[in-house]
Amino acid sequence: MVEVHIHNGDTCMMASSSSNLICLPLDRYLEKFELARRRLIVKHRVARALRKAEKAFRKANPTYADTLRLDHIRRIDYTVLDKENHIYLDYASSGIHSESQLQRRFELLRSNVFGNPHSINPTSSAITKLDEQARARVLSFFRADPSEYIVIFTINTSNALKLIGEAYPFTEGGELLLLNDNQPPVIGLRDFARRRGAAVSYLPVKQPELRCDDDAVKSALKRKESIDEIPVRLFAFPAQSNFTGVQHPLEWIAEAQEQGWHVLLDADNYTPTNILDLSRWHPDFVSVSFYKMFGHPSSVGAVLARREAFAKLGRPWFAGGTVWGSSVQANGHMLLGDNEGFEDGTINFLSLPAIRIGLNHIAGIGMEAIHTRVSCLTNWLLKELSGLTHTNGEPLVVIYGPYTSDLPRGGIIALNFVDMKGCLVDEDLVARRAAARNITLHVGSALQPNTETSGAVECDSPDAIQKVPGENRERKKTTERRRESETSFNEVGLPTGGFIRISLGLASNFSDAFEFVQFASTFLDTIPIDDARTA
């Protein structure tokens, strides 16, 4: 409680628990009081608008009711979000951990003594048992038959992809086929292929959805030889784009394998909100990132490899923990079998039990509920953002990729804000303003290969990389307005576009989506000035 007293013409405020007086001139006191009153009014108006919008949202999305348990889970297991007023919209970069995950892991560490697993002593045996339980849980979570798949733990997805790239038997006459929608560490596989004489080509995405044409994919996958013995070929694509949220057909897996390809599925951004059933789909290699699924730990990824394809891999080197033994005199070594021969050094053995805890956490919530919630919120965001326009008719937001969920897409939206003159608003300015409102989003630069051609494009073609076009004239106009800060990419021949990316996940709720639309609306009918650059 605060007591207010008038003292010698000034207004003095004193907390009931303190004897300290804070005295202000009456006019300043009234000014502060009025400011506080207005803030309170705005707060109540926003709360009222939120309730009204959520009521309409739930009516339009009846399946959202099946996910209301997630609101309870957020209140009890992700308390810091609301306690600190965080608007977290960067699940494509990282999931967030729950309190119960940390409690289970810390209790495990507090109650046991664990040693390096490269031994058979009691503490080593104890952690080895838990680590193998984690490996088995990964297989069961993705419904992978242990007789068909093995799990190789890595430090992250990039390391997992490097492991495949350096060991895959690329040769002259072989081929690496990529989508230009792949994330950088997948595209980086081309350097391994090139060094060994394999051809590298890309499948372009097409306007306006920025999806690959299915006929173009089938054409690129056709056998190029009439003989049975053909060099090995690898087709790598993302189950879900980490840029546009587009979900590519998993049917491509079997279609490619029928034509003699091995298939690498990048499931990094797919598995946090979708069921990946490896009893139905059978890619040869799958890369996953656990921190994107459940936030903790952040230092473990994995490759799920089909045993038949795994047998064709050849490691270019060996490390501690991967060999039965090595000889300096004989200049030789004997590699361990299965996953052990590919897990360099000492695995992150204290973190692996947390993988089992995290997967059990997700399973307890239910992936169906997570998927439904994210889909409903994404649809609402797409509709609301695409409907925002300046009073002069200029659209406020340009969205890259699907504007709707008529075809499969995930909870990732890449966009830019556009000012009243039709110019892109600097994404760094947007990020700073978002941070001031405690909104976490992602800002990056997109390097996109050609989107115009109908077939695969050789990677050395000058048309292999170009700007992502918009859906219509207005979108194309705005995406072609480049800023001076981006000239460094142009100098090396790579056109670039800065973008903003928001993404939804397990703990997202309607309030998060509503707050972002409110934030976006602050850019209406303005020409924002970047104070940081003009200072």
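The shown structure was predicted, so the numbers you read here are calculated from the model rather than taken from an experiment. (Residues numbered from 1 in each chain as written. Predicted model: local features only at pLDDT ≥ 70, side-chain atom pairs only at ≥ 80, totals over all residues. Heavy atoms only, no water.)

**Comments concerning the overall build of the protein**
Helix and strand content of the protein: 19 helices and 19 strands. Burial status across the protein gives 49% buried among its 535 residues. In the protein, once contacts between residues fewer than 6 apart in sequence are set aside, the share between residues at least 24 apart is 69%. Per element, the accessible surface of the protein, about 25400 Å² overall, is 53% carbon and sulfur. (Helix = DSSP H or I, 4+ residues; strand = E, 2+ residues; numbered from the N terminus. Buried < 20%, exposed > 50% of the residue type's maximum accessible area, 1.4 Å probe, protein only. Contact = heavy atoms within 4.5 Å. Areas by Shrake-Rupley, 256 points an atom, 1.4 Å probe, with all protein chains shown as cover.)

**Describing the pairing of strand E15 (residues 412–417)**
With 6 of 6 residues buried, E15 is to be regarded as a mostly interior element. Residues Ile412, Ala414 and Asn416 point to one face of E15 and Ile413, Leu415 and Phe417 to the other, with burial holding for every one of them.

**Examining the pattern of salt bridges**
Any two side chains of opposite charge can pair if their charged atoms end up close together. Tallying each qualifying case throughout the model produces 15 salt bridges. Arginine 58 is the partner of glutamate 54 in a salt bridge, and the nearest nitrogen-oxygen pair spans 3.0 Å. Here glutamate 54 and its partner arginine 58 are both found in helix H1 (residues 26–60), 4 residues apart, which amounts to about one turn of the helix. Judged by its relative accessible area of 36%, arginine 58 is partly exposed. Taking the shortest distance from any N to any O, the salt bridge between aspartate 277 and arginine 143 comes out at 3.5 Å. Placement of the pair is aspartate 277 in the loop between strand E9 (262–266) and strand E10 (285–289) and arginine 143 in the loop between helix H5 (122–141) and strand E5 (149–154), with a sequence separation of 134 residues. Three or more residues are tied together by salt bridges with common partners; here these are Arg74, Asp82 and Asp512. (Salt bridge = Lys/Arg side-chain N within 4 Å of Asp/Glu carboxyl O.)

**Thoughts on the packing of helix H4 (residues 99–110) against helix H13 (residues 352–365)**
Across the interface, H4 lies against H13 with an axial gap of 10 Å and an inter-helix angle of 145°. Relative to H13, the crossing made by H4 is right-handed. Between H4 and H13, the residues in contact are Ser100, Gln101, Arg104, Arg105 and Leu108 and Pro353, Ala354, Ile357, Gly358 and His361, respectively. Residues that form the contact of H4 with H13 fall into these classes: 4 nonpolar, 4 polar and 2 charged. (Axes fitted to C-alpha atoms, helices over the stretch in contact; angles between N-to-C directions. Left-handed = near helix turned anticlockwise from the far one by under 90°. Nonpolar A, V, L, I, M, F, W, Y, C, P; charged D, E, K, R; others polar.)

**What about the packing of aromatic side chains?**
A full pass over the atoms with the stated rule returns 19 aromatic pairs. Centre to centre, the rings of phenylalanine 141 and phenylalanine 142 are 5.2 Å apart; their planes meet at 85°, and the pair counts as edge-to-face. For the pair phenylalanine 141 and phenylalanine 142, one class covers both residues: buried. Their ring planes at 50° and their centres at 6.0 Å tell us that phenylalanine 516 and phenylalanine 519 sit as a pair that is tilted. Highlighted residues: phenylalanine 516 and phenylalanine 519, both in helix H18 (residues 510–521), separated by 3 residues, approximately one helical turn. (Phe/Tyr/Trp six-rings, centres within 6.5 Å; stacked < 30°, edge-to-face > 60°.)

**Concerning the nonpolar core**
Counting residues in each nonpolar core, the largest one holds 107 residues, and the members touching the most others are Phe235, Leu304, Leu385 and Phe417. If one sorts the elements of this core by residue count, helix H14 (residues 367–386) sits on top with 10 residues. With 29 residues, the next largest nonpolar core counts Ile164, Leu178, Ala193 and Leu264 among its residues. (Core = buried A, V, L, I, M, F, W, Y, C linked by side-chain atoms within 4.5 Å.)

**Thoughts on a nonpolar patch on the surface**
A cluster of nonpolar residues, Phe106, Leu109 and Leu350, forms a patch on the protein surface that exposes about 240 Å² of accessible area. The residue leucine 109 is located in helix H4 in this model. Residue classification places leucine 109 among the partly exposed positions, given a relative accessible area of 31%. (Patch = residues over 30% accessible without salt bridge, like charges linked within 9 Å, V, L, I, M, F, W, Y side chains within 5 Å.)

**So, the side chain of threonine 67**
Along the chain, threonine 67 turns up in the loop between H1 and helix H2 (69–77). A residue is classified by how much of its surface remains accessible, and threonine 67, at 1% relative accessible area, is buried. A distance of 3.0 Å separates a polar atom in the side chain of threonine 67 from a polar atom in the side chain of arginine 373. Excluding anything up to four places from it in sequence, threonine 67 contacts Ala369, Thr372 and Arg373. (Polar contact = N/O pair within 3.5 Å; in protein donor to acceptor, adjacent residues only side chain to side chain.)

**Describing helix H10 (residues 251–258)**
Looking only at H10, the buried set comprises Trp252, Ile253 and Ala256. Buried residues in H10, looked at end-on, bunch into an arc of 110°, giving them a common side. Each element contacted by the buried residues of H10 is listed here: strand E6 (175–179), helix H9 (214–221), strand E8 (233–238) and E9. (Arc of directions from axis to C-beta.)

**Examining H5**
In this model, H5 (20 residues) spans 29 Å end to end at C-alpha, consistent with the 28 Å of a helix rising 1.5 Å per residue. The inward-facing, buried residues of H5 abut H4, E5, helix H11 (290–294), strand E11 (301–306), H13 and H14. Immediately downstream of H5, the backbone of arginine 143 shows phi near 55°, a positive value. (Expected span 1.5 Å × (residues − 1).)

**Details of unusual backbone geometry**
The linkage connecting glutamine 207 with the following residue, proline 208, adopts the cis geometry, with an omega of -5°. Within the secondary structure, proline 208 sits in the loop between strand E7 (199–203) and H9. In the segment running from histidine 296 into proline 297, the intervening peptide bond is cis, with an omega of 5°. On the secondary structure map, proline 297 appears in the loop between H11 and E11. Although it is not a glycine, asparagine 85 sits at a positive phi angle of roughly 55°. The topology assignment puts asparagine 85 in the loop between helix H3 (79–83) and strand E4 (87–88).

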